[in-house]
Amino acid sequence: MEMRIFETHLGDIKDWLSKDSEVELPAMQRGFVWKPSQIENLWDSVFREFPMGSFLLTATGEHLMLIDGQQRATSLALGYYNPWEGDVQQLGNVKNLPVIWMDVSPVSVTENSEYVFRVVTRSHPWGYQLINNRKVLSVPDRRAAASQLDVFFDVEMYTKLSPSQRLPFDAHLPVPLCFLLGALKTTDNYTDWKKEILNKCKAIPVNYHPKHLSKNELYHAALDSCDLSLLYERIAHIDKNYLIPTITIDNQLILRNGDNSEVNPTLFVRLNSGGTQLEGEELIYSIYKAVCPSTKDLVESIANNIIPPSKIITLASRLILSNLNNRFYNNISLTQFQREIVKDDFKKALESLIGEESESSLRSLIDKSIAILKYDGTIPDTIVKKLIKDSPDGFLLLLNWLQNNSDISLTPKLKAQVCSRLYTNYWFGDLNYIVRVLWSESTREDFWTIPYQNDNYLAQKHLVTPDALEDFLLRKAEEGVDLSISPEDSVWQEWTSKDPKPDSLSEDDYLVRMKEGWSNFLWRLLSNNYLVLLAQREYINRTFKDYNQVEDLQDTERPWDWDHIYPESWVYYKQRIDDRTRYWEWRIGNFRAMSLTDNRSENNNLSPSERFATTDDDYFIKENDLFYWKQLTADHKYIKNSDPEFVMIHAKAIIIRSVNIYRNLYNMFAPYI
């Protein structure tokens with residue numbers, strides 16, 4: 001078996017991910033999963049001439065296949081990506097491309113870095129912090145960065161910025177890395193190189209002012225006067241002398257015993273053991289692409305980025321196995337998928353489900369399911385994605401029902417009934433329990449409207465009325481933070497009326513179960529910020545309607561802040577704070593989702609009364625909770641246990657808004673349960 005070792009220049013890497021390259025990404029490889037901080041750290045290592053390991057290639061006919069080193073290769077190729085030239089939006093498997101900048105005159109570096117690189121992304125178009133490049137910029141810094149863009153008339157729509165409009169802020173003199181590297185192609189001396197850099201930087205807005213540039217300096221003038229000769233020598237040296245060991249191996253190593261019908265994942269697991277490791281679903285998807293490459297593009301076009309391709313294959317496989325064997329498959333392991341994919345009936349069923357164009361195709365089933373989960377079209381994508389991610393079993397149940405009832409008319413009422421069962425059991429019950437117990441019933445057309453016929457307490461689905469909940473919470477808050485329920489509480493009858501005692505339980509056991517269920521219900525209600533997003537859905541849909549959480553780049557920070565209405569700093573680590581104040585400070589009623597650069601976040605220490613000096617429907621503030629918020633002024637910092645009046649005002653503001661958030665959900669779903 002022949003093995004060849006050679007060295008690859010840094011500049012050659014960028015061509016590997018182009019369509020015409022002799023090096024191609026194999027079907028076994030996943031998408032790009034590195035974080036911005038990893039990209040920055042890699043380029044710092046390159047400029048310091050640290051070794052980065054080797055690339056592993058295998059020959060496949062006339063091409064070479066990259067089977068180890070994709071993350072590093074993509075990160076290096078991104079250094080040459082120039083968003084000011086052409087309209088390239090994808091590099092290899094990476095969409096929504098980040099842009100890499102280099103601070104050519106940094107005011108400081110971290111302990112672990114010698115050079116300062118800044119990666120800017122779609123969700124964070126002004127980059128991350130210099131001191132800790134895993135943390136996002138502060139709100140004032142993001143606001144200051146956004147204010148510099150003349151074309152940026154709506155600060156809330158920053159996720160729509162084109163790559164050429166994304167400018168790093170926590171820097172002194174940042175220059176696009178592609179300018180620094182690209183200028184070497186046409187020049188061979190420092191003077192011409194710098195002249196070309198300055199010319200290219202004319203594309204940078206004239207009002208661009210990074211954080212660490214002094215107030216009396218202009219970006220372009222400061223760059224013009226900056227001596228870059230040492231940097232030029234370093235870049236020219238790196239371009240010529242930085243070499244990466246590259247190994248080619250025989251293609252038969254990636255196959256099991258040379259059998260083209262079965263891919264051996266062991267090599268890929270071993271290769272990834274030291275990096276960002278392949279997980280079960282990713283390996284399953286990689287094997288699928290290797291065995292069924294003709295449908296790869298179809299899979300990746302399904303679900304409009306709501307569901308990762310790896311999960312789509314897992315869901316499709318479980319659906320097929322469940323139908324082939326007339327029982328629910330709650331999981332599929334890597335070993336089982338390897339065993340099934342070489343069976344003709346399973347492979348043909350999988351390829352048919354993915355490839356066919358019909359009402360029962362996987363694309364159609366997923367599109368219908370997502371449309372249902374959007375309720376009347378207003379539930380934000382981020383909530384739909386969260387349900388599918390947390391409860392793929394529930395989503396699979398919906399797929400199975402649609403597959404067996406492809407001709408059913410999905411009326412607005414029926415969609416609401418499906419949403420009510422799925423969301424209320426996802427948020428407050430045990431959706432996975434329902435799937436396991438009722439899978440065989442899910443082929444029925446009337447599945448979503450029939451009452452459950454089993455002892456299904458674990459799948460708690462009914463909701464108490466908002467008024468009863470509010471009365472209970474306000475009364476309990478007068479006494480402390482004990483929110484436990486008893487038969488003496490007025491809400492007890494509502495809570496137990498739809499879950500009568502089964503004959504199998506004693507009175508004492510039934511009492512314990514209902515009390516524990518109530519505690520679980522309250523905790524899941526009061527701690528679920530996604531219910532805040534549901535209440536603020538008009539604002540979220542308007543402000544972040546194009547936000548895509550299923551990114552190739554692991555830029556997973558949400559593009560909004562969770563803002564404490566009553567400032568966290570007024571409670572956290574403060575002494576003599578009442579227990580009720582500490583408890584209610586962290587409940588959903590005290591949170592609102594806000595654009596990262598919203599001007600109303602200018603001062604995190606604003607009192608609630610100052611925040612709501614003018615009312616704004618964006619943040620789901622109603623008259624009944626606003627009444628209490630306006631009483632919490634700057635004079636009421638650090639509400640101590642010696643001030644019971646304002647302890648209760650704080651509690652009432654948060655409790656009433658929490659119930660309003662719940663009331664929004666109740667009004668949407670309760671009529672259909």
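One can find the structure itself at the top, above this paragraph.
Residues numbered from 1 in each chain as written. Predicted model: local features only at pLDDT ≥ 70, side-chain atom pairs only at ≥ 80, totals over all residues. Heavy atoms only, no water.

Hey, could you run me through a nonpolar patch on the surface in this one?
Taken together, the side chains of Tyr572, Tyr573 and Trp586 define a hydrophobic patch exposed on the protein surface, amounting to about 400 Å² of accessible area. Residue position: Trp586 is located in the loop between helix H25 (579-585) and strand E14 (591-595). When its relative accessible area of 34% is taken as the criterion, Trp586 is described as partly exposed. (Patch = residues over 30% accessible without salt bridge, like charges linked within 9 Å, V, L, I, M, F, W, Y side chains within 5 Å. Areas by Shrake-Rupley, 256 points an atom, 1.4 Å probe, with all protein chains shown as cover. Salt bridge = Lys/Arg side-chain N within 4 Å of Asp/Glu carboxyl O. Helix = DSSP H or I, 4+ residues; strand = E, 2+ residues; numbered from the N terminus. Buried < 20%, exposed > 50% of the residue type's maximum accessible area, 1.4 Å probe, protein only.)

Would you take a moment to explain the packing of aromatic side chains for this structure?
Each aromatic ring pair is summarised here by two numbers: the centre-to-centre distance and the angle between the ring planes. A full pass over the atoms with the stated rule returns 36 aromatic pairs. Residues Phe328 and Trp439 carry aromatic rings whose centres are separated by 5.0 Å and whose planes lie at 40° to one another, so their mutual orientation is tilted. Taken together, the residues Phe328 in the loop between helix H12 (309-325) and helix H13 (334-341) and Trp439 in the loop between helix H19 (431-438) and helix H20 (466-479) connect sequence positions 111 residues apart. An identical accessibility class is assigned to Phe328 and Trp439; each is buried. Put simply, the rings of Phe428, Phe472, Trp495, Trp518, Phe521, Tyr662 and Tyr666 pair up and form one aromatic cluster. Above the face of the Tyr80 ring, Lys14 is positioned so that its terminal group lies 5.0 Å from the ring centre. (Phe/Tyr/Trp six-rings, centres within 6.5 Å; stacked < 30°, edge-to-face > 60°. Lys NZ or Arg CZ within 6 Å of the ring centre and 35° of its normal.)

Looking at this structure, I do not really get the nonpolar core. What am I missing?
Note that soluble globular proteins tend to have their nonpolar side chains buried in a common cluster. Counting residues in each nonpolar core, the largest one holds 136 residues, and the members touching the most others are Phe337, Tyr423, Trp427, Trp518 and Phe521. Here this core takes 16 residues from helix H28 (residues 644-669), the largest share from any one element. If near-sequence neighbours (up to four positions away) are discounted, Phe521 is found in contact with Phe428, Leu463, Val464, Trp495 and Tyr662. Formed by 57 residues, the second largest nonpolar core is a distinct cluster that contains Leu97, Val104, Ile197 and Tyr208. (Core = buried A, V, L, I, M, F, W, Y, C linked by side-chain atoms within 4.5 Å. Contact = heavy atoms within 4.5 Å.)

Got a minute to help me understand unusual backbone geometry in this structure?
Leave glycine aside and you will find that most residues have negative phi; peptide bonds, for their part, are mostly trans. Non-glycine residue Tyr375 carries a positive phi angle of around 65°. Note on placement: Tyr375 falls in the loop between helix H15 (362-373) and helix H16 (381-390). Although it is not a glycine, Arg576 sits at a positive phi angle of roughly 60°. Structurally, Arg576 is set in the loop between strand E13 (560-564) and H25.

Please explain the packing of H20 against H28 as it appears in this structure.
To describe two helices that pack against each other, one gives the angle between their axes and the distance between the axes. Between H20 and H28, the least distance of the axes is 10 Å, while the angle of their chain directions is 160°. In terms of orientation, H20 lies roughly antiparallel with respect to H28. By crossing handedness, the relation of H20 to H28 is classed as right-handed. Residues Pro466, Asp467, Leu469, Glu470, Leu473, Leu474, Ala477 and Glu478 of H20 form the contact with H28, whose own contacting residues are Met648, Ala651, Lys652, Ile655, Ile656, Val659, Tyr662, Arg663 and Tyr666. Among the residues forming the contact of H20 with H28, the class breakdown is 12 nonpolar, no polar and 5 charged. (Axes fitted to C-alpha atoms, helices over the stretch in contact; angles between N-to-C directions. Parallel < 35°, antiparallel > 145°, perpendicular 65-115°, else oblique. Left-handed = near helix turned anticlockwise from the far one by under 90°. Nonpolar A, V, L, I, M, F, W, Y, C, P; charged D, E, K, R; others polar.)

Help me understand the pairing of E13, please; the structure alone is not making it clear to me.
Along any regular strand the residues' side chains alternate between the sheet's two faces. Taken across its 5 residues, E13 has 5 buried, putting it largely inside the fold. Side chains Trp560, Trp562 and His564 of E13 all project onto a buried face; the interleaved residues Asp561 and Asp563 project onto the opposite face, where all are buried too. For E13 and E14, the ladder comprises 5 bridges, and the chain directions are antiparallel. For Asp561, the partnering residue across the bridge sits in E14 and is Met594. (Pairing = 2+ DSSP bridges.)

Quick question: what am I supposed to make of the pattern of salt bridges here?
Think of it this way: side chains of opposite charge can pair up when their charged atoms draw near. A complete count under the given rule lists 24 salt bridges for this structure. For the salt bridge of Arg48 with Glu114, the shortest nitrogen-to-oxygen distance reads 3.5 Å. With Arg48 in the loop between helix H2 (36-47) and strand E3 (55-60) and Glu114 in the loop between strand E7 (99-103) and strand E8 (117-120), this residue pair connects regions lying 66 residues apart in the sequence. Using a relative accessible area of 24% as the deciding quantity, one classes Arg48 as partly exposed. Across the salt bridge formed by Arg444 and Asp446, the nearest N and O atoms sit 2.9 Å from each other.

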